[in-house]
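Secondary and tertiary structure notes
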Amino acid sequence: MRWRACLASALSHVMLATGAVLMLAPFVWMLLTSIRPAEEVFGAVFNPIPSRFAGGENYAQALFASNVPRAMVNGAMVCLGILAVQLATALPAAYALARLRFPGRGILFGLVLFGLTIPIQVPALPLYLALAKTGLLDTFFALMFPFFLTVFGLFLFRQFFRTYPEEILQAARLDGMGEFEIVWRLAVPAALPAIGAFSIFSVVAHWNDLYWPLIVVTSTDRATPPLGILAFRDAETGGNYGALMAGATLITAPLVVAFLVARRAFVRGLTMTALK
Amino acid sequence: MAVAAASVPRAARRAAPDRRLALAGAAFAAPAALLLLTILLAPLVVLVLLSLTDYRLGAVAVRWVGLANYAEMFTDPVFRRAIRNTFLYVAFVLPAGVFGALAVAALVQARTRTRSFYEVIYFLPVTSTLVAMATVWQFLLHPTLGPVTPLIAGLGFGRLDLLNDPDLALATLAVIGLWQMLGFNMVLFLAGLSAIPRELYEAAALDGAAGAIDRFLRVTWPMLSPTTMFVTITTTISAFKVFDTVVVLTRGGPLGATDTLLYVLYLEGFHYFRTGYAAAMTVIVLVFLCALSLLQARLIERRVHYA
């Protein structure tokens, strides 16, 4: 019977490895092309390994002759701006929803649950009109504004704060701690794992987002990473795929590297939306 | 006031901190509530009102048109094609996205030393920027420069230009969508699989469940059903919202073969600026999404009861 177990194990390895090759193929092709000399792009199918290392010129073009670095800086700014406001507004509100009785609490939580079902595409039209009327289109504010509200963050942090021990809150109040102090000095530090997971979720979502930036941004100065790579591709009419793939590598790299470094936190942060 | 305070001193003493807590609660919730109002609720009301007008961005005059926008949608060939394509896309992605991910998860879970290695590889596309990776796919699928066309030709299917063939473009986008989401679903199934108690397998073995397939059908599949339902819905929702790959790779073409709901909505609302009509379309999209989400919420409740 042993040979059957061996056969099953080998078969499962073959299937998993085949799948893994398919999953990795785009990454491999991207990396190989990013170091391929321009003149070899045409014969690449038959000679996949570049004859010489042309990464220098390809990455130099992506770094110094394209909008990709600018888009990456913009992406980092937009992601951090969004995250800062999200945490500053959602954490105290979630604490209030979880632990304090105040008028309108039930309605607010009901709205949060309702909001979970609504993607950006739904309020996009009215928000666009409002931004156009106030002359705020094509600004960093326009890129960030709709995401200042995070119903998912509110929901997640509320769930977390509900598990915080009531005795500690009572003791802190007896010691004369105000609610503001309790939130930021007791509850928030205890919620750091949840905050970390949420931060990963938020940054990944907004670094990668295309729909909203495509709508509100027209100038290259405000391009986010997806818009940066799109513009680079459309400008590359000559077909310098090496530089384009170098640009794609640069834009994909931060999140992929972060994922490889903090694997568990990433998987948790990204699948949290589905496991809520 | 003094009399009331004297007659119910204990209640008053308790009421003061209560009021203080209520005040703190309201103050903490206020910024988020304000954002909820301006970013979600007010736009939603405006959206519904807009959908009843013929408003175009920049137009001077606006008329109420009642349900004319909704009526137009049902006769609009582009919208009907978009609905058809979107459902077709979901139908492509859903079975492979659910059962493929389940198969990968089952295989990965059985591995001990290489488990995390495979987990990383299959999850990699989930973390990568889809727009950037779509430009890579475009290159991979390029009829003269990419490796996919000669590979398919080598298998005897002829030289195909997958993204420019009206019969194949949508399915090609579905394959890319599948590539991107498979790892995500795999992780959900892995979580579901690891929650199944070992004893159940032992009990099933005592009951005469012999092979791997028997074990799967008697224990894994029934125990996993809440996860499976859940993955089905989340996959449907995310496939329903396909947008990035359409923008990068096909722009709705060839011949409208990849016009999907969100892409058509984007064009009407932000390219042709037919705001009223796009608002009506958005309302329809919202109805679809809310129906799916309600289903999802019901399933979560059920899952909570199971646990």
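Criteria and thresholds
Each chain carries its own residue numbering, running from 1 in the written order of its sequence. Labels follow written order: the first chain is A, the first ligand is 1, and so on. Only residues with pLDDT of 70 or above have their local features reported here, since the model is predicted, and side-chain atom pairs are shown and tallied only from 80 upward, although totals for entire chains, interfaces and linings are computed over all residues. Helix and strand assignments come from DSSP, with helices taken as H or I runs of at least 4 residues and strands as E runs of at least 2, each series counted from the N terminus. Any two residues are considered in contact once their C-beta atoms, placed from the backbone, lie within 7 Å. Both definitions apply: the radius of gyration is a C-alpha atom measure, and the globule rule equals 2.2 Å times residues to the power 0.38. As a rule, residues whose C-beta atom has 12 or fewer other C-beta atoms within 10 Å are exposed, those with 20 or more are buried, and those in between are partly exposed; C-beta atoms are placed from the backbone. Note: domain ranges come from an automatic or database domain assignment. Residue classes follow a fixed rule: Ala, Val, Leu, Ile, Met, Phe, Trp, Tyr, Cys and Pro count as nonpolar, while Asp, Glu, Lys and Arg count as charged, and any other residue, Gly among them, counts as polar. Axis lines are fitted through C-alpha atoms, for helices just across the contact stretch, and the angle between N-to-C directions can take any value from 0 to 180 degrees. Put simply, angles under 35 degrees are roughly parallel, angles over 145 are roughly antiparallel, angles from 65 to 115 are roughly perpendicular, and the rest are oblique. By the definition used in this description, the sense in which the near helix is turned from the far one sets the handedness, with an anticlockwise turn below a right angle giving left-handed and a clockwise turn giving right-handed. For a helix, the expected span equals 1.5 Å multiplied by the residue count minus one. Here the bend at a residue is taken as the angle between two axes, fitted respectively to the seven residues that end there and the seven that start there. Think of pLDDT as the predictor's per-residue confidence, scored from 0 to 100.

Counting its regular elements, chain A contains 14 helices and zero strands. Along chain A, helices (α) and strands (β) appear in the sequence α-α-α-α-α-α-α-α-α-α-α-α-α-α when read from the amino end. For the C-alpha atoms alone, the extent of chain A along its principal axes is close to 75 × 70 × 35 Å. The contacts in chain A between residues at least 6 apart in sequence include a share of 76% that link residues at least 24 apart.

Glancing now at the overall build of chain B. Each helix and strand in chain B was counted, giving 13 helices and zero strands. Each helix (α) and strand (β) of chain B, taken in turn from the N terminus, gives the series α-α-α-α-α-α-α-α-α-α-α-α-α. At 27 Å, chain B has a C-alpha radius of gyration far larger than the 19 Å of a compact globule built from 307 residues. Out of the 307 residues in chain B, the part that is buried amounts to 38%. Put simply, of all contacts in chain B between residues at least 6 apart along the chain, 70% involve residues at least 24 apart.

Entries for chain B in the domain assignment read domain 1 (2–38) and domain 2 (68–306). One C-alpha centre belongs to domain 1 of chain B, the other to domain 2 of chain B; they are set 48 Å apart.

On domain assignment, one finds that chain A holds domain 1 (2–60) and domain 2 (66–235). For domain 1 of chain A and domain 2 of chain A, the distance between their C-alpha centres works out to 38 Å.

The next point concerns the interface of chain B and chain A. Residue-level contacts link 69 residues of chain B with 74 residues of chain A. Broken down by element, the residue count for the side of chain B that touches chain A peaks at 19 residues, all from helix α2 (residues 9–50) of chain B. Its residues assigned to classes, the side of chain B that touches chain A comprises 57 nonpolar, 10 polar and two charged.

Let us look at the environment of B:Tyr122. Tracing the chain through its elements places B:Tyr122 in helix α5 (residues 115–127). Judged by C-beta crowding, with 27 C-beta atoms within 10 Å, B:Tyr122 ranks as buried. Sequence separation between B:Tyr122 and B:Ser51 is 71 residues, and the spatial gap between their C-alpha atoms is 42 Å. Residue contacts for B:Tyr122: discarding those within four places in its chain leaves A:Met23, B:Val104, B:Leu182, B:Gly183 and B:Met186.

Residues and elements named next belong to chain B. Residues Gly253 and Pro254 are joined by a peptide bond in cis, for which omega reads -10°. Note that Pro254 resides in the loop between α11 (244–250) and α12 (261–270). At Arg251, a residue that is not glycine, the phi angle is positive and equals roughly 50°. When the 12 C-beta atoms within 10 Å are taken as the criterion, Arg251 is described as exposed.

Residues and elements named next belong to chain B. By secondary structure assignment, the location of Ala280 is in helix α13 (residues 275–306). Given 27 C-beta atoms within a 10 Å radius, Ala280 is considered buried. Spatially, the C-alpha atoms of Ala280 and Val48 are 7.3 Å apart, while their sequence positions differ by 232 residues. In this structure, Ala280 is in contact with Ser51, Asn69, Tyr70 and Met73, ignoring residues within four places of it in sequence.

Turning to the packing of helix α3 (residues 68–99) of chain A against helix α7 (residues 151–162) of chain A, a few remarks are in order. To characterise two packed helices, one gives the angle between the axes of the helices and the distance between these axes. Residues and elements named next belong to chain A. One can describe the packing of α3 onto α7 by two numbers: an axis separation of 8 Å at closest approach and a directional angle of 45°. Compared by their axis directions, α3 and α7 come out oblique. Of the two elements, α3 crosses α7, and the hand of that crossing is right-handed. The segment α3 lies against α7, with Gln86, Ala90, Leu91, Ala93, Ala94, Tyr95, Leu97, Ala98 and Arg99 engaging Gly153, Leu154, Phe157, Arg158, Phe161 and Arg162. Across the contact of α3 with α7, the residue classes break down as 10 nonpolar, two polar and three charged.

With 26 residues, helix α8 (residues 169–194) of chain B extends 38 Å from end C-alpha to end C-alpha; this agrees with the ideal 38 Å at 1.5 Å per step. At B:Met181, α8(B) shows its largest bend, some 40°.

Turning our attention to the environment of B:Pro147. Locating B:Pro147 in the fold gives a position in the loop between α6 (130–140) and α7 (148–154). Judged by the 17 C-beta atoms lying within 10 Å of it, B:Pro147 is partly exposed. Not counting residues up to four positions away in its chain, the partners in contact with B:Pro147 are A:Val45 and B:Leu140.

As a general rule, the predicted coordinates of low-pLDDT regions are not to be interpreted in detail. All names here are of chain B. Considering every residue of chain B, the mean pLDDT works out to 87; 93% of them sit at 70 or more. Every residue in residues 1–8 is under pLDDT 50, and counting partners more than four places away or in other chains gives one contact. With a pTM of 0.90, the predicted complex shows an ipTM of 0.90.

Moving on, we come to the packing of helix α1 (residues 2–34) of chain A against helix α4 (residues 77–110) of chain B. Interhelical geometry of α1(A) versus α4(B) gives an angle of 125° and a closest axis separation of 10 Å. Viewed along their axes, α1(A) and α4(B) adopt a mutual orientation that is oblique. Remark: the crossing between α1(A) and α4(B) carries left-handed chirality. The segment α1(A) lies against α4(B), with A:Ser12, A:Met15, A:Leu16 and A:Gly19 engaging B:Val104, B:Leu107, B:Val108 and B:Ala110.

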